[in-house]
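# Structural features, examined
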Amino acid sequence: MAEAAAATAVEEPKQSRYERYVEEITEDITNTLQEYGCQPILFVGSGLTKRYMGAPSWEELLGYLAVKCSSIDKKLVFYKQLLKDPIRIGEEFARLYQEWAWGAGHNEFPKEMFEEDIGAQSYIKYMIAAHLRALNPGNAKGLSADHQQEIEALAKIRPHAIITTNYDEMLEMIFPDHQRIIGQQILKGQHFSIGELYKIHGCVSDHDSIVFTEKDYEDFLKRKKFLSAKLLTFFSEHPLVFVGYNAGDPNIRAILSDIDEALPEKGGIIPNVYILQWDPSLKDDSWPARDKVIPTDGDRSVRVKLISASDFNWVFDAFAANPILNNVNTRVLRSLIARSYELVRHDIPKMKVEADFKMLTSAVQDSESLAKLFGIANINDYSKAGAQHPYSLTEVSKALGRNTWHFAAI
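The following paragraphs examine the structure supplied in this document. Note that the coordinates shown come from a computational prediction; the quantities given were computed from them, not determined experimentally.

### Overview of the packing of aromatic side chains
Under the defined criterion, the tally for this structure stands at 17 aromatic pairs. Ring geometry for Tyr21 against Trp287: centres 6.0 Å apart, planes inclined by 75°, an arrangement best described as edge-to-face. One end of the pair, Tyr21, is in helix α2 (residues 17-36); the other, Trp287, is in the loop between β6 (269-278) and β7 (291-295), and 266 residues separate them in sequence. Centre to centre, the rings of Phe78 and Tyr79 are 5.1 Å apart; their planes meet at 85°, and the pair counts as edge-to-face. Phe78 sits in the partly exposed class, given a relative accessible area of 32%. Exposure remark for Tyr79: the relative accessible area of 4% places this residue in the buried category. Through a chain of ring-to-ring contacts, the aromatic side chains of Tyr97, Trp100, Trp102, Phe109, Phe114, Tyr123 and Tyr126 assemble into a single cluster. Across the ring face of Phe312, the terminal group of Arg51 is positioned such that the distance to the ring centre comes to 4.6 Å. Here the guanidinium or amino end of Lys74 rests over the ring plane of Phe78, the centre of that ring lying 5.1 Å away.

Take a look at the structure:
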């Protein structure tokens, strides 16, 4: 009997180092979600659209633009040698695209783009938008067939909000119930944080919103304070997951720099910030690093949690497990919050309240009177309410000779 048990024990497959790593990271994600009690915020970079939609990286986009425009008569490497910074290259390409549009490339653009009020940099942005729209398969099922399981797992996360620097519309296909907010729209109107997709660098649906050139980035930095304030609110209340970004990406460094300034203690790992990194070289005996130090502004740096994976399924599954918003339609929830906001901001202040000085004095001294002044009251004994209102609307309607409750509600 003992020999049989020993043989069974020997036959059990041994857990690999990477399997143990996956198990421990999954447990850490579960604990973080439980601690914060809410859905994560997703920060999505171009690496994810390249993985699922074949969208170009920044350098590949510059390469496409260089070939497309005959006014750019030198290879991309020339401009990399001359200007170094991709953003400065974008600025120079924008100038050359305007020149091309008013010459050999005139037929590449609609006639309304040759009016006086069209910006000089609109031509390159129009071409970027057209190129990315051409890659759009129309729906999530048309995205990479090799990664459909991953895409479905990503959708199940039901993130509280999504922030992206991507221009394409892939995320709108994966998260159709999230409300898209583009560029400077973030600074306008009322936003409810939940169920929103913030496209902070613009979108192909409005090519002029695209942040691409040196001038665009200067303008973006001028109005970045509001966005930074919103990010800090997100940071304090939610787990944050960066996916599709390289850890050294300037967008990540800028965001983490803002977070770093708000940290009460320096040097420790930030417990609710994860960077998901794709690593195709991982093997069974791999034991990846669990955190990463990322330089921010000046000589400062922050430590965040690092997740390395060649397959994102298990990571997305971990973030989607037992979601707080499970079985809740994000669009409906947004509508309810919006209606509550309108009620508090507009409807209630417009309601007429008859009050005199004596009533106000009494109300301030008595919390129950204050509640009644604003049409709010506590019901301590629910049976009293039932005694005073013993009939439902349906019963009232039947007593009046009607079949449905709608008649009594009129």
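### Considerations on unusual backbone geometry
Backbone geometry places Lys84, a non-glycine residue, at a positive phi of 65°. Along the chain, Lys84 turns up in the loop between α5 (76-83) and α6 (86-101).

### Things to note about the pairing of strand β8 (residues 301-309)
Counting buried positions along β8 gives seven out of nine residues, so the element sits mostly inside the fold. The antiparallel hairpin formed by β7 and β8 contains five residues in its connecting segment, where Gly298 sits at a positive phi of about 60°.

### Some words on the packing of helix α4 (residues 58-68) against helix α7 (residues 122-134)
Where α4 meets α7, the closest approach of the two axes is 11 Å, and the angle between their N-to-C directions is 115°. Between α4 and α7, the angle is such that the two are roughly perpendicular. As α4 runs across α7, the sense of the crossing is right-handed. Residue-level contacts link Leu61, Tyr64, Leu65 and Lys68 of α4 to Ile124, Met127, Ile128 and His131 of α7. Class assignment of the residues belonging to the contact of α4 with α7 gives a composition of six nonpolar, one polar and one charged.

### Looking at a nonpolar patch on the surface
Among the surface-exposed residues, Val77, Phe78 and Leu82 lie close enough to one another that they form a single nonpolar patch of about 270 Å² accessible area. With respect to the helices and strands, the residue Leu82 is situated in helix α5.

### Observations concerning a negative patch on the surface
There is a patch of like negative charges on the surface, built from Glu112, Glu115, Glu116 and Asp117. For Glu115, the location among the structural elements is in the loop between α6 and α7. Of the residues examined, Glu115 reaches a relative accessible area of 48% and is grouped as partly exposed.

### A word on the side chain of Thr49
Turning to its location among the elements, Thr49 is positioned in helix α3 (residues 46-53). For Thr49, a relative accessible area of 1% puts it in the buried group. Every residue in contact with Thr49, bar those within four places of it in the chain, is listed here: Gly54, Ala55, Asn166, Asp168 and Met170.

### Looking at α3
When α3 is considered as a whole, its buried residues turn out to be Leu48, Thr49, Arg51, Tyr52 and Met53. Down the axis, α3 shows its buried residues gathered within 160° of arc, on one side only. In the segment just after α3, Gly54 is the residue with positive phi, at about 70°.

### As for the sheet that holds β8
Here we have eight strands laid out as an open sheet, ordered β3-β4-β2-β1-β5-β6-β8-β7, and mixed in their pairing. Whereas interior strands pair on both sides, the edge strands pair on one side only; in this sheet they are β3 (179-182) and β7. Across this sheet, the average inter-strand angle for adjacent strands is 25°, counted without regard to direction. In this structure, strand β1 (residues 41-44) lies alongside strand β2 (residues 161-164), joined through four bridges in parallel fashion. The residue bridging Val44 from the neighbouring strand is Thr164, located in β2.

### Quick word on the nonpolar core
One finds Leu154, Met170, Ile307, Trp314, Phe316 and Phe319 to be the most contacted residues of the largest nonpolar core, which totals 38 residues. Excluding residues within four positions of it along the chain, Phe319 makes contact with Ile29, Leu33, Pro40, Ile157, Val241, Tyr274 and Ile307. In this structure, Ala66, Leu83, Met113 and Phe114 belong to the second largest nonpolar core, which totals 32 residues.

### Considering α2
An ideal rise of 1.5 Å per residue puts 28 Å on 20 residues; α2 measures up with 29 Å between its terminal C-alpha atoms. Lining the buried residues of α2 we find β6, β8 and α13 (313-320). Looking one or two residues past α2, Gly37 carries a phi angle of roughly 65°, positive in sign.

### Points about the pairing of β6
Pairing of strand β5 (residues 240-243) with β6 involves four bridges; the strand directions are parallel. Opposite Leu240, over in β6, you have Val273 as the bridge partner. Pairing between β6 and β8: seven bridges, direction parallel. Considered in β8, the bridge of Trp278 is made with Ala309.

What counts and what doesn't
Residues numbered from 1 in each chain as written. Predicted model: local features only at pLDDT ≥ 70, side-chain atom pairs only at ≥ 80, totals over all residues. Heavy atoms only, no water. Phe/Tyr/Trp six-rings, centres within 6.5 Å; stacked < 30°, edge-to-face > 60°. Helix = DSSP H or I, 4+ residues; strand = E, 2+ residues; numbered from the N terminus. Buried < 20%, exposed > 50% of the residue type's maximum accessible area, 1.4 Å probe, protein only. Lys NZ or Arg CZ within 6 Å of the ring centre and 35° of its normal. Pairing = 2+ DSSP bridges. Axes fitted to C-alpha atoms, helices over the stretch in contact; angles between N-to-C directions. Parallel < 35°, antiparallel > 145°, perpendicular 65-115°, else oblique. Left-handed = near helix turned anticlockwise from the far one by under 90°. Contact = heavy atoms within 4.5 Å. Nonpolar A, V, L, I, M, F, W, Y, C, P; charged D, E, K, R; others polar. Patch = residues over 30% accessible without salt bridge, like charges linked within 9 Å, V, L, I, M, F, W, Y side chains within 5 Å. Areas by Shrake-Rupley, 256 points an atom, 1.4 Å probe, with all protein chains shown as cover. Salt bridge = Lys/Arg side-chain N within 4 Å of Asp/Glu carboxyl O. Lys, Arg positive; Asp, Glu negative; His and termini not counted. Charge placed at Lys NZ, Arg CZ, Asp CG, Glu CD. Arc of directions from axis to C-beta. Core = buried A, V, L, I, M, F, W, Y, C linked by side-chain atoms within 4.5 Å. Expected span 1.5 Å × (residues − 1).

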